[in-house]
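The primary structure of each chain is shown beneath.
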Amino acid sequence: MNTQDYISLENQYGANNYNPLDVVIDKAQGVWVWDVEGNKYMDCLAAYSAVNQGHCHPRIVDALKNQAEKVTLTSRAFRNDQLPLLYKELSELTGFEKVLPMNSGAEAVETALKAVRKWGYKVKGVPENKAEIITCRNNFGGRTITIISFSTEEQYKDGFGPLTPGFKNVEYGNAKALEEAITENTVAFLVEPIQGEGGVIVPPEGYLKEAYDICQKNNVLLITDEIQSGLGRSGKLFAFEYDGIRPDGVTIGKALSGGLYPVSAFLASKEIMDVFHPGDHGSTFGGNPLGAAVAREALKVLVEENLVEKSYEHGKYFREQLRAVNSKHVKEIRGRGLFIGVELNDEAGGARRFCEALMGKGILAKETHDNVIRFAPPLVITKEEIDWAMERIKDVLLMD
Ligand SMILES: *Cc1c(COP(=O)(O)O)cnc(C)c1O
């Protein structure tokens with residue numbers, strides 16, 4: 001079967017809810033992937049930052065294989081010997097007292113929403129069914145009905161109502177707007193420290209610190225969604241570190257398993273997590289020993305290979321190289337660590353044609369929104385590999 005055969009099958013039998021580049025991958029290692037015709041590409045998307053540790057990292061693959069032969073799933077009706085160790089290691093690494101494991105990122109966000117609502121009723125004393133959560137315009141938190149209810153992307157919501165009430169959107173990067181939106185019933189502010197799907201938007205310096213102070217003053221919880229920005233992508237373990245704050249809770253996912261298995265979590269203080277009692281919330285696969293063993297190894301790789309520091313250094317280098325290109329199509333180059341967005345001018349004709357041209361040269365990148373090219377390769381990328389990519393990116397950014 002060739003590329004076209006696979007695409008035909010996919011079109012015939014699959015739901016049409018994605019518009020992927022026409023490359024069919026059958027092998028991957030580190031920053032590289034190969035298609036079914038044997039062509040080699042550099043992966044500059046890293047599965048939306050799920051493969052920060054690089055594709056098929058041998059240590060994580062071994063952890064998965066070893067655990068798969070022992071026990072994979074007990075459900076939380078029984079205990080397993082991997083989850084307590086993941087709890088301890090995750091807590092020690094991140095400084096959050098408590099962990100609630102889930103699978104997808106959206107489930108971690110849902111978990112955070114449930115936690116802050118319940119905290120609002122049981123601890124803050126908000127009247128029943130009155131809890132409000134403030135979110136930001138241009139956010140992305142996943143695709144469940146509740147999460148799309150606070151999306152400002154019309155397509156995400158079109159045809160899926162009725163939506164979940166209790167959310168209020170404010171302008172991203174504007175702390176004053178947050179302050180004005182808070183009422184006595186506000187329980188939390190949920191925010192991405194860098195908006196990934198929104199176009200790799202980095203808010204103004206000090207925004208999160210201001211938001212943190214406003215939340216503190218008003219007894220509102222600050223929850224950062226670091227499913228994409230976290231675990232090294234931004235050049236820090238968490239992007240909130242750039243503002244010198246510690247939010248009340250954080251959601252993580254994606255790179256938590258190095259891309260081998262869906263593992264996500266909501267991390268929070270004991271005070272918040274203690275709102276959950278047996279039976280309040282759960283997931284059949286959440287906290288399973290296979291996922292826990294994979295996540296434990298994925299975190300060890302992140303630390304032992306200094307991937308957070310590498311992301312910081314190499315991200316800086318990558319952005320410098322991009323700036324040196326001086327393309328007439330480029331409006332702005334932004335980002336932190338290896339979380340990089342190249343915004344194109346309106347006249348550039350959209351980012352998609354640039355991504356297709358990059359693919360022709362052996363680089364896989366994906367447009368986010370219509371006019372932003374995202375460069376977010378696995379954090380294991382070397383300086384030499386960035387140089388290799390830049391030669392090709394340069395040609396594409398300088399095309400007509
Ligand atoms: C990807 C993402 C999610 C959702 O994760 P899924 O695993 O796709 O459900 C949530 N929040 C942010 C910031 C993300 O980037």
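Focus on the site of the ligand
Close contacts around the ligand come from Ser104, Gly105, Ala106, Phe140, Gly141, Gly142, Glu192, Asp225, Ile227, Gln228 and Lys254, and that covers them all. Here glutamine 228 contributes a side-chain N or O atom positioned 2.8 Å from an oxygen atom of the ligand. Here an oxygen atom of the ligand and a side-chain polar atom of lysine 254 are 2.7 Å apart. Across the complex, the protein chains shield 81% of the 380 Å² of accessible surface that the ligand would expose by itself. Grouping the constituent residues of the shell around the ligand by class yields three nonpolar, five polar and three charged.

Quick notes on the sheet that holds strand 1 (residues 25-29)
Spatially, four strands are ordered 1-2-3-13 in an open sheet, and the strand pairing comes out mixed. Unpaired on one side and paired on the other, strand 1 and strand 13 (363-364) mark the two borders of the sheet. Bridge count for strand 1 against strand 2 (residues 32-35) is four bridges, and the pairing is antiparallel. Note that in strand 2 the partner of alanine 28 across the bridge is valine 33.

Focus on the nonpolar core
Nonpolar side chains tend toward joint burial in soluble globular proteins. Counting residues in hydrophobic clusters, the biggest one holds 78 residues, and the most contacted among them are Phe189, Leu322, Ile373, Phe375 and Ile393. Tallying contributions element by element places helix 11 (residues 289-304) first for this core, with eight residues. If you count residues domain by domain, this core takes at least three from each of domain 1 (3-56 + 306-397) and domain 2 (58-304). The residues contacting leucine 322, other than those within four sequence positions of it, are Ile333, Ile340, Val342, Phe375, Met390, Ile393 and Leu397.

Describing unusual backbone geometry
For the bond from glycine 161 to proline 162, the omega torsion is 0°, close enough to zero to count as cis. Within the element layout of this structure, proline 162 appears in the loop between helix 7 (154-157) and strand 6 (167-170). Unlike most non-glycine residues, asparagine 138 shows phi in positive territory, near 75°. When you line up the elements, asparagine 138 lands in the loop between strand 5 (132-136) and helix 6 (145-149).

Thresholds, definitions, all that
- Residues numbered from 1 in each chain as written.
- Predicted model: local features only at pLDDT ≥ 70, side-chain atom pairs only at ≥ 80, totals over all residues.
- Heavy atoms only, no water.
- Near = heavy atom within 4 Å.
- Polar contact = N/O pair within 3.5 Å; in protein donor to acceptor, adjacent residues only side chain to side chain.
- Areas by Shrake-Rupley, 256 points an atom, 1.4 Å probe, with all protein chains shown as cover.
- Nonpolar A, V, L, I, M, F, W, Y, C, P; charged D, E, K, R; others polar.
- Pairing = 2+ DSSP bridges.
- Helix = DSSP H or I, 4+ residues; strand = E, 2+ residues; numbered from the N terminus.
- Core = buried A, V, L, I, M, F, W, Y, C linked by side-chain atoms within 4.5 Å.
- Buried < 20%, exposed > 50% of the residue type's maximum accessible area, 1.4 Å probe, protein only.
- Domains from an automatic or database assignment.
- Contact = heavy atoms within 4.5 Å.

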